[in-house]
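So the chains spell out like this:
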Amino acid sequence: MDKVIIFDTTLRDGEQAAGGALNVHEKLDIAKQLEKLGVDVIEAGFPISSPGDFEAVSLIAKEVRTPIICPLAHANADAVDRAWEAVKEAEHPRIHVFLSASDIHLFYQLKKSREEILETSRDMVARAKKYVDDVEFSPMDASRTEPAYIYQILEAVIDAGATTVNIPDTVGYATPGEYGDLIEGILKNVPNISRAIVSVHCHDDLGLAVANSLESLKRGARQVECTINGIGERAGNASLEEIVMAIKTRKDFYNLTTNINTAQIYKTSRLVSELTGFTVQPNKAIVGANAFRHESGIHQDGVIKMPITYEIMDPKTVGIPASSLVLGKLSGRHAFNERLAELGYSLSEEDFNRAFAVFKELADKKKEVTDRDIESLIAQELRTVSEIYHLDLIQVSCGDKGIPTASVKLTTSDGKVLADAALGTGPVDAVYKAINRIVNVPNVLTEFTVKSVTEGIDAIGEVLIRIESEGITYTGRGADTDIIVASAKAYMNALNRLLAAKQIAR
Ligand code: KIV
Ligand code: ZN
């Protein structure tokens, strides 16, 4: 069976999703998890686009050694040089150069001729090739470009040294038949195509990204670009987990394999959801909360008698934890450690001790601590941004008659203790106003959601907020059995991200 190269672009195209910005440490956490998942290529960022992206690519290049690490560069000398600067310490570096190819983009956006585009594409691939052997080229908006012109560009860039040629359906316009024909046409009509891997990159504007990707693999493409949970620009990119599980479950049809360790899919999906703040819809294939739940009595009866009656995949194959055993306040370090291992976490001693202390605190408040509670707790405790302000204390008074009042105490990273109080229209408003009096960074709250992690009155509440400052959105998350405390933690988390981003930008 032929192997399909899985090129993950969660950290580049995925992060381009509105409101999905990640900080450098979060990107590194995701890259490490993608390595465990077994992706072949990680597109780690777009170094020329911001100092944060440059830093993230450099860090991932140094620390994540198994997969190919690939920065993106538009077809411009400075962008290519910056991409190389960021990735040069990788064990397996690649540079990905792209340039628009469709007449629509050339006429309305770039105001360049086809000849100029072809020449720049060739020159920039040649420039990247001076730095590294592994060079990818993408003619952007390929699915709306005349195929004969795509063939010419591809021939030129392969001659200039491109080893992978990627065919983006940039605006998610193609249908499976058309896109498959385009890939087949490329394989037949580009004379030197045997010297490059043909890759596909599909967006989901018409909900066809996975279908288009799979069709093109059937027609001979051997690299597929995708993201965890299908996140990405606008409606997103093709979802990694759906492509990989389609290939695995229907190997009789596709006759293909991947290097993906599917048992890491669920954990990777949860991590990306937690860090980006993009909740996975319950009916999402493979990783949604209902993907393996059977509600109808007839289906339940069938699954009890023989899972294959209504289940085409075993949930364990994608790493959904088999046991729903709960821990409680009598559970000790050993039981907690075992549960963490079953959930796929391996923590350093210091992180384990912190997590165990928080678990004990939670178990005192909550009778049963479930897997989802543990995931939430780990997300909260071990993946915090470096804190410029730490929330020490909040105290709130509210009710239907009085004026909601909040006092807060924060500590700065250099140990200064700051306290203030404020009135508000409700307890969360009062807390946020009190925090604003201390932190004092202008921002607008654009989203606020609270959800309970599990059922039950003692459940942990998870708060997700987004704030906007100078046109940039920052996400914050907080979890606690008290939703006012969770709201305060989420706000502090978002503010710390905002402040850290401003420090990097300076
Ligand atoms: O969608 C697209 O065209 C892209 C390119 C940069 C490959 O993301
Ligand atoms: Zn894209």
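Note that the structure is a prediction, hence the values are computed from the model and not measured. (Residues numbered from 1 in each chain as written. Chains lettered and ligands numbered in written order. Predicted model: local features only at pLDDT ≥ 70, side-chain atom pairs only at ≥ 80, totals over all residues. Heavy atoms only, no water.)

Caption draft 1: Looking closely at the side chain of Ser 273. Inspection of the secondary structure assignment puts Ser 273 in helix H12 (residues 265–276). Among the residues examined, Ser 273 registers a relative accessible area of 5% and is labelled buried. Not counting the four nearest positions on each side in its chain, Ser 273 is found in contact with Asn 229, Phe 278, Thr 279, Val 280 and Arg 477. (Helix = DSSP H or I, 4+ residues; strand = E, 2+ residues; numbered from the N terminus. Buried < 20%, exposed > 50% of the residue type's maximum accessible area, 1.4 Å probe, protein only. Contact = heavy atoms within 4.5 Å.)

Caption draft 2: Highlighting the coordination of the zinc ion (ligand 2). Distances from the zinc ion (ligand 2) to its protein donors, Asp 13 (OD), His 201 (NE2) and His 203 (NE2), fall at 2.0 to 2.1 Å. Counting residues between consecutive donors of the zinc ion (ligand 2) along the chain gives the motif D-x187-H-x1-H. Of the two residues, Asp 13 sits in helix H1 (residues 10–14) while His 201 sits in strand E8 (residues 197–202), which places them 188 residues apart along the sequence. Each member of the pair, Asp 13 together with His 201, is buried. (Donors = N, O, S within 2.8 Å, 3.2 Å for Na, K, Ca; no water.)

Caption draft 3: Here's a closer look at the pairing of strand E2 (residues 5–8). With four bridges connecting them, E2 and strand E9 (residues 223–226) associate as parallel partners. The residue of E9 that forms the bridge with Ile 5 is Gln 223. Relative to strand E3 (residues 41–45), E2 is paired through two bridges, and the arrangement is parallel. Within E3, the residue paired with Phe 7 across the bridge is Val 41. (Pairing = 2+ DSSP bridges.)

Caption draft 4: Expanded view of the state of the cysteines. Evaluated as defined, the whole model comprises zero disulfides. Free of any disulfide, Cys 226 has its nearest cysteine sulfur in Cys 202, 10.0 Å distant. (Disulfide = S-S within 2.5 Å.)

Caption draft 5: Broad picture of the packing of aromatic side chains. For the structure on display, the rule yields 10 aromatic pairs. Taken together, a centroid distance of 5.6 Å and an interplanar angle of 10° make the contact between Trp 84 and Tyr 131 stacked. Residue Trp 84 is found in helix H4 (residues 77–87), and its partner Tyr 131 is found in helix H6 (residues 114–131); the two are separated by 47 residues along the sequence. Ring geometry for Phe 336 versus Phe 352: centroids 5.7 Å apart, planes at 40°, classification tilted. (Phe/Tyr/Trp six-rings, centres within 6.5 Å; stacked < 30°, edge-to-face > 60°.)

Caption draft 6: Just unusual backbone geometry, in detail. Located in the positive-phi region is Asp 141, a residue other than glycine, with phi close to 65°. You can see Asp 141 is positioned in the loop between strand E6 (135–140) and helix H7 (147–159). The exposure class of Asp 141 is buried, given its relative accessible area of 0%. The phi torsion at Asn 255 lies on the positive side, around 55°, for a residue other than glycine. Note on placement: Asn 255 falls in the loop between helix H11 (251–254) and strand E10 (256–257).

Caption draft 7: View of the sheet that holds strand E13 (residues 417–423). Read from one edge to the other, the open sheet built from three strands follows the order E11-E12-E13, with strand pairing classed as antiparallel. Among the strands making up the open sheet, the edge pair consists of strand E11 (389–397) and E13. Averaged over neighbouring strand pairs, the angle between their axes works out to 15° when direction is ignored. Where strand E12 (residues 405–412) and E13 come together, seven bridges link them in antiparallel fashion. Bridging from a neighbouring strand, Val 408 pairs with Asp 420 of E13. Against the sheet, helix H17 (residues 427–439) engages E11, E12 and E13, with an angle of about 140° to E13. (Axes fitted to C-alpha atoms, helices over the stretch in contact; angles between N-to-C directions.)

Caption draft 8: Representation of the packing of helix H14 (residues 333–342) against helix H15 (residues 349–365) within the structure. Contact geometry for H14 and H15: axes closest at 11 Å, N-to-C directions at 110°. Considering the angle they form, H14 stands roughly perpendicular to H15. Contact residues: Arg 333, Phe 336, Asn 337 and Leu 340 in H14; Phe 352, Asn 353, Ala 355, Phe 356 and Phe 359 in H15. Considered class by class, the residues forming the contact of H14 with H15 number six nonpolar, two polar and one charged. (Parallel < 35°, antiparallel > 145°, perpendicular 65-115°, else oblique. Nonpolar A, V, L, I, M, F, W, Y, C, P; charged D, E, K, R; others polar.)

Caption draft 9: Inspection of a nonpolar patch on the surface at higher detail. Together, Leu 445, Phe 448, Val 450 and Ile 483 give the surface a local cluster of nonpolar side chains, amounting to about 310 Å² of exposed area. Here the nonpolar patch gets three residues from one element, more than from any other, and that element is strand E14 (residues 444–452). Among the structural elements, Val 450 can be located in strand E14. (Patch = residues over 30% accessible without salt bridge, like charges linked within 9 Å, V, L, I, M, F, W, Y side chains within 5 Å. Areas by Shrake-Rupley, 256 points an atom, 1.4 Å probe, with all protein chains shown as cover. Salt bridge = Lys/Arg side-chain N within 4 Å of Asp/Glu carboxyl O.)

Caption draft 10: Highlighting the packing of helix H9 (residues 209–218) against helix H10 (residues 240–249). Axis separation between H9 and H10 bottoms out at 10 Å; the angle between their running directions is 45°. With respect to H10, the axis of H9 lies oblique. The two elements H9 and H10 cross, and the hand of that crossing is right-handed. For the pair formed by H9 and H10, the contact residues are Val 210, Ser 213, Leu 214 and Leu 217 on the first element and Glu 242, Ile 243, Ala 246 and Ile 247 on the second. (Left-handed = near helix turned anticlockwise from the far one by under 90°.)

Remember, this is a structural readout, not a statement about activity or role.
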